[in-house]
Amino acid sequence: MSSFREKLHRKATATGLLSFSAIFEAVEGFIYGPSELADGAPHIHDHLEIKRFMSMAIVALLPTTVAAVVFWGPRVLLVVLVSYLAGGLVEVAFAALRKRPIEEGFLVTGLIFPLVLPPTVPLWIVAVGIIFGVFFGKEVFGGTGRNIFNPALVGRLFITIAFPKAMSTSWQAPFTDAITSATPLSLYKTGQEITPYVDLLFGNVAGSMGEVFSIGIIVGGIFLLLTRVGNWRIPVFYVGSVFVLSLIGNIFLPELIAPPLFQVLAGSLLFGAFFMVTDPVTSPYNNESKIIFGVFAGFLTIVIRSFSGYTEGVMFSIILMNALAPLIDHFVMKAKYKPLESV
C-alpha cells in the first residue's frame, strides 16, 4: 500500500475523525479503487465497480460538457461547480449522519443536473434545484441504489414548476448574448418552420446547456453502450418508439405531431435516452422490462410534446416511467416465472 493511501486509510479509521471518514474513504476509493481483497477463489476480474462505473459515465458526458463551455463560455463551469458544491454538501451531511461512506452516484448526478438547465439560469436556482433533487430524489429513500426517481430530474422538475419564467423564457443562443424564448420545439408548436437538421446536430440552437450538441451526445451515448455501462435496450426502444409513433402521427396530425427525425434531434430526447433512462437504479431490472419501459417512455414523450401545454415531454415521461419501473418488473417476472401447480 502506498504511503499516501496509508495516510488516507489512517485518517478514515482515526477515532477523532470518524464523522469525516466517509470523505477520506471516497478519496481513497476514487484514486485507487476498492481496498477489499479476497483471500481465495473465486475472484472477480472485472474492475468496473461503482466508482469506475460512475467514471465511465462522466467520460461519456465530456463531449457535450466541453461543447457547452465552447457555446456559452466559462459560466458553464461555474454552474457545474455550484451543482457539485451544493449537492455535495447534502451527500456529505447524510453520509456523516448515517456513518456510511459517501456514495459515488452524485458524481454523475452533479454533472447531469447543470447540463439540463438553461445557460442563463441564476446560480442560486442551480443550488436550490440540486439540493432539492438530492434530498427528496435520493436521500429520503435511503441513498444511492434505493431511490425510485432520477435525482437530477427531480431537481429539474421542481425548479421548472417553482420558477417557470427563469426555466422557460430565458434561453440564450450559442455564441451570442441574445436572449430568446424560441427553442426548436417551441417554434414548431407555434406553427413556424422546422429548425434545419444540421443546426440540431451541431448545436446551433437555443436550449439546455448539455442537450443541444446532438453529435456529442451520440458519441458519449455509444461509448456508454460499448462499455456496457448503459444497457442498449432502453435507449434503442425509447428513441425507436418516438421515431415510429411520430412517423405515423405526422401523417395524420402534421399540425400537432412533428416529423420523426426532428423529434429525435430536437430538445432533450437524445440526452435523456442515453444518460437518464439508462440509470440502472431507476430503470427496470429485467431485459424484457427495459424494452417495455423504453416503448412507453417514448409514447408518453410524444403525447406530452404534442397534446399538452409543454413543449418538451422527456423529463415528465422519464419521471412517470421511473414510478412504474417496479410494477413493470413485477408483471414481467410474474409472466416469466409462473408458480408451480400444486400436485
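Residues numbered from 1 in each chain as written. Predicted model: local features only at pLDDT ≥ 70, side-chain atom pairs only at ≥ 80, totals over all residues. Heavy atoms only, no water.

Enquirer: Tell me about the nonpolar core, and name the residues and values.
Expert: In terms of nonpolar packing, the biggest core is built from 76 residues, with Leu61, Ile112, Leu117, Tyr238, Phe271 and Phe275 touching the most fellow members. The contacts of Tyr238, once residues within four sequence positions are left out, are Leu269, Gly272, Ala273, Val277, Gly294, Ala297, Gly298, Thr301, Val314 and Ser317. (Core = buried A, V, L, I, M, F, W, Y, C linked by side-chain atoms within 4.5 Å. Buried < 20%, exposed > 50% of the residue type's maximum accessible area, 1.4 Å probe, protein only. Contact = heavy atoms within 4.5 Å.)

Enquirer: Can you break down the pattern of salt bridges residue by residue, with the values?
Expert: Enumeration over the complete set of coordinates arrives at 4 salt bridges. Two residues, Glu312 and Arg305, come together in a salt bridge whose shortest N-O distance is 2.8 Å. Among the residues examined, Arg305 registers a relative accessible area of 5% and is labelled buried. (Salt bridge = Lys/Arg side-chain N within 4 Å of Asp/Glu carboxyl O.)

Enquirer: Run through the side chain of Thr183, naming residues and quoting values.
Expert: Mapped onto the elements, Thr183 comes out in the loop between β2 (179-180) and α9 (184-189). Setting aside residues no more than four positions away along its own chain, Thr183 makes contact with Trp171 and Ala206. (Helix = DSSP H or I, 4+ residues; strand = E, 2+ residues; numbered from the N terminus.)

Enquirer: Give me the lowdown on the environment of Ile328, citing residues and values where you can.
Expert: For Ile328, the location among the structural elements is in helix α16 (residues 314-336). As for Ile328 and Ser283, which are separated by 45 residues in sequence, their C-alpha atoms are 9.8 Å apart. Contact partners of Ile328, with chain neighbours within four places excluded, come to Ser289, Ile292, Phe293 and Met321.

Enquirer: Explain empty space enclosed by the protein to me, and be specific about the residues and the numbers.
Expert: The full count for this structure, using the stated rule, is 1 cavity of 30 Å³ or more. Size it by volume and the largest cavity reaches roughly 60 Å³. Lining the largest cavity are Glu91, Phe94, Ala95, Arg98, Arg100, Pro101, Ile102, Glu103 and Glu139. Counted by class, the lining of the largest cavity contains 4 nonpolar, no polar and 5 charged residues. (1 Å grid on protein atoms, 1.4 Å probe; cavity = no way out; pocket = protein on both sides within 12 Å on 5 of 7 lines; lining within 4 Å. Points joined across faces, edges and corners; volume = space filled by probe spheres on them. Nonpolar A, V, L, I, M, F, W, Y, C, P; charged D, E, K, R; others polar.)

Enquirer: Outline the packing of helix α7 (residues 151-162) against α16, supporting the account with residue identities and numerical values.
Expert: Packing of α7 against α16 brings their axes to within 10 Å, and their N-to-C directions diverge by 125°. In terms of orientation, α7 lies oblique with respect to α16. When the axes of α7 and α16 are compared, the crossing they make is left-handed. Contacts between α7 and α16 involve Leu153, Val154, Arg156, Leu157 and Thr160 from the former and Met315, Phe316, Ile318 and Ile319 from the latter. For the contact of α7 with α16, the class distribution of residues is 7 nonpolar, 1 polar and 1 charged. (Axes fitted to C-alpha atoms, helices over the stretch in contact; angles between N-to-C directions. Parallel < 35°, antiparallel > 145°, perpendicular 65-115°, else oblique. Left-handed = near helix turned anticlockwise from the far one by under 90°.)

Enquirer: Got a sec to walk through the environment of Phe307? Specific residues and values, please.
Expert: Mapped onto the elements, Phe307 comes out in helix α15 (residues 287-307). Look at Phe307 and you get partly exposed, because its relative accessible area is 47%. Residues Phe307 and Ile257, spaced 50 residues apart in sequence, show a C-alpha to C-alpha distance of 8.5 Å. Each residue touching Phe307, except ones within four places of it in the same chain, is listed here: Leu253, Leu256 and Ile257.

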